[in-house]
Structures are given as C-alpha cells and as structure tokens.
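What the coordinates show
The primary structure of each chain is shown beneath.
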Amino acid sequence: MVRLFPETNMRPARKDITILALLSAATLALICILYRNIRYERLAAEADPYRLIGPTPEAVLAINQIDALSQFILQREPLRAIFTEHIPHAFLSLIRTDLPLSSALIAYYPRGSILYAPMEQRIARRLFKRLDQAFAFPPQEGRDGPIHVSYYPDTNHRFLGCYYHEGLFVASYNRRLLTQAIERHVSDTASPLPELARITRRDTHVPLRLFLPSDSVHIHVPLEDSTLWHPREPWLALDLFPSEGNLCCLNEQPREAHTDTTLYQAISDSAQAYVRRLFPMLNTTTQISYDETAVYYIICGH
C-alpha cells in the first residue's frame, strides 16, 4: 500500500509541542496575574476604613481628596498651621506621597491617632519601600494575630506601627490603637459604629469631612420655652471645602417646626463664636440658607 502522507508528518514536532506548552503556561500565568490584580483592586475599592474605627473617638477626619489637603490647605497660612498641629508629620508624609492614593481617614483618641488608607497591594508595597528609606533604622518586624506589622523607630523613643491587610493600610504610634484596628480587621462581625454609620454614608465627593461628637461642640442657644437648642444628632458632620481662597465649613441641621429665622441666626452666631475661640487667628464669615426640611450653616475662614 502506498502511503500518501509520511508517518512523520502526522506527528507534531517536539519543538512545536514545547512552544505550545510554554504559550499555555504563559497564558495561564497571565490570567492568574490578571485575576489577582482584579481581586486586589476589588479589595481596595470595597475596603471600608470606618469599620476599623473603635469606640469613642474624639474626632474623625475623612480626607476624600488628597489634593485638596496638599495643594490648597497646606499651602496657606494659617490653615497649614491648624492642620499640621493636628495631623502627625508621619501621616502627612504618607498621604502627601506621589503614590496614587485616593483617600485617607484619621481617627483621634485621647491616647493618640490612627490612619487608615484604602489602596491596592502593589501601592502598599511601594509605600513600605518608601518607609524603609525614610527612617534611619530598619523596622522591627512582628505579628499581631494573623497580621504582619512593621514598627519603624522614630524620635522620642516612639515607633510607627504599620500594616496592610485586605485593601487597607493602617498606621499609628499607639500600639493599643493598632491592635484594636487589627482585631476589628480580622473580625467577620465588625461594622461601623452605629452613631457614625448614618452620617458617614453621605456625599463622599466633599474634599474633607470632619466628624465631631455633638457634646464636645459647645453650641447651645436659649429658646423661648427656657430650654436650650443643641444639635440632635450625637455626631456633627462638617463638610470642608475651598471657596474663593477660603476654607469653608458646611453643616446641615433639621429645620425646626414653627420657628422664625432669628433662631437660625443665633445658632450661626454661636457657631462662629465657637470657631473663633478655637482658632483666633482665622478671619471668619457666616452664611445661612434653608429649605423646607433643613438649615445649612456655612462658616468660611482664611
């Protein structure tokens, strides 16, 4: 019988099989890398720093737009002096880096402050390399539960503890705050504090938001029935934004039933006096607007 096709032509060459195997392996590796990157991006996008805030903070500063802090506030006196007094230098260095950070959150406690910043794992790796270069001595490495923590020796015998886990970079000089964040981070049941949960879900497009316990803000206005007006919510949400060279603060309060506008002016005057007591170096102006359900108080200063 005559063979029309030689037997050797019917078998793939060993070289072709090797190339095919290499291409398949490369394709599989690329798919795995792509899937891993998508997973890390999803973790960073879904990471909720408010979930890590433990009980009874004195204040919470949400930096929704890093550029608004670095390019406006920190370039102008006395605004720069006010913010640098309340934001640790190490935190400012972290959030003012040229790495693509979208936002950050700082919670303040009597024993210190703690920074939370959503980011992808590749950004966190680069940030840790920057930290390694910034400090004079290498960090002390340790574990707190399942999470690896780096402690960078700083001045005055302090250590800046930092870790990254599931889309969030966390840093604090206070070890108890760091441990508290880790416990909430690895917990399946930890959720934002109930008193903060409602107001923190509002507009995140505001450059900065400051949350303060209402009891710590001494704004009380006498009413006609000999009682005092005070904010209804346990926390005040203050929206901070630049406007015409000023830093403005907006707060929304429910409109009182059967009340004329003199009460709103009295509340605005009381709020302005409170701000001036805290920051006497600021020149402030006020503005009031309202609709059927809410009153909006704006204080601007420079």
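Note: the structure precedes this text.
What counts as what
Residues numbered from 1 in each chain as written. Predicted model: local features only at pLDDT ≥ 70, side-chain atom pairs only at ≥ 80, totals over all residues. Heavy atoms only, no water. Disulfide = S-S within 2.5 Å. Helix = DSSP H or I, 4+ residues; strand = E, 2+ residues; numbered from the N terminus. Buried < 20%, exposed > 50% of the residue type's maximum accessible area, 1.4 Å probe, protein only. Salt bridge = Lys/Arg side-chain N within 4 Å of Asp/Glu carboxyl O. Pairing = 2+ DSSP bridges. Axes fitted to C-alpha atoms, helices over the stretch in contact; angles between N-to-C directions. Contact = heavy atoms within 4.5 Å.

This part is about the state of the cysteines. Evaluated as defined, the whole model comprises 1 disulfide. Across the disulfide from C248 sits C300; the S-S distance is 2.0 Å. Around the S-S axis, the bridge from C248 to C300 shows a dihedral of about 105° and counts as right-handed. With C248 in strand β12 (residues 246–254) and C300 in strand β14 (residues 294–301), this pair connects stretches of sequence that are 52 residues apart. A single burial state applies to C248 and to C300, both of which are buried. Between C249, a free cysteine, and C300, which holds the nearest cysteine sulfur, the sulfur-to-sulfur gap is 8.8 Å.

Note that side chains of opposite charge can pair when their charged atoms are close. The full count for this structure, using the stated rule, is 4 salt bridges. For the salt bridge of R122 with E120, the shortest nitrogen-to-oxygen distance reads 2.9 Å. Overall, the relative accessible area of 45% leaves R122 in the partly exposed class.

Relative to β12, strand β11 (residues 235–243) runs antiparallel, the two sharing 5 bridges. When the bridges of β12 are listed, D239 appears paired with L250. Between β11 and β12, which follow one another and run antiparallel, lie 2 residues, and E244 among them has a positive phi close to 55°. Pairing geometry for β12 and β14, over 8 bridges, is antiparallel. Within β14, the position partnered with L247 by the bridge is G301.

Reading across from one edge, β4-β5-β6-β7-β3-β2-β1-β8-β11-β12-β14-β13 is the order of the 12 strands in this open sheet, with antiparallel pairing throughout. Of all the strands in the sheet, the pair left with one neighbour each is β4 (140–144) and β13 (284–290). Taken pair by pair, the neighbouring strands of this sheet meet at an average axis angle of 20°, ignoring direction. Taken together, the 4 bridges between strand β5 (residues 147–153) and strand β6 (residues 159–165) define a ladder with antiparallel strand orientation. Bridge assignment links Y151 to a residue of β6, and that residue is G161. Strand contacts of helix α5 (residues 121–134): β5, β6 and β7 (168–172), with the helix running at about 160° to β6, the strand carrying the most contacts. Along the sheet, helix α8 (residues 261–278) makes contact with β13 and β14, crossing β13 at roughly 150°.

Let us now look at unusual backbone geometry. A cis geometry characterises the amide bond from E77 onward to P78, with omega recorded as 0°. Tracing the backbone shows P78 in the loop between α2 (66–72) and α3 (79–86). Positive phi values are uncommon outside glycine, yet N156 reaches one of about 55°. The residue N156 is located in the loop between β5 and β6 in this model. For N156, a relative accessible area of 64% corresponds to the exposed category.

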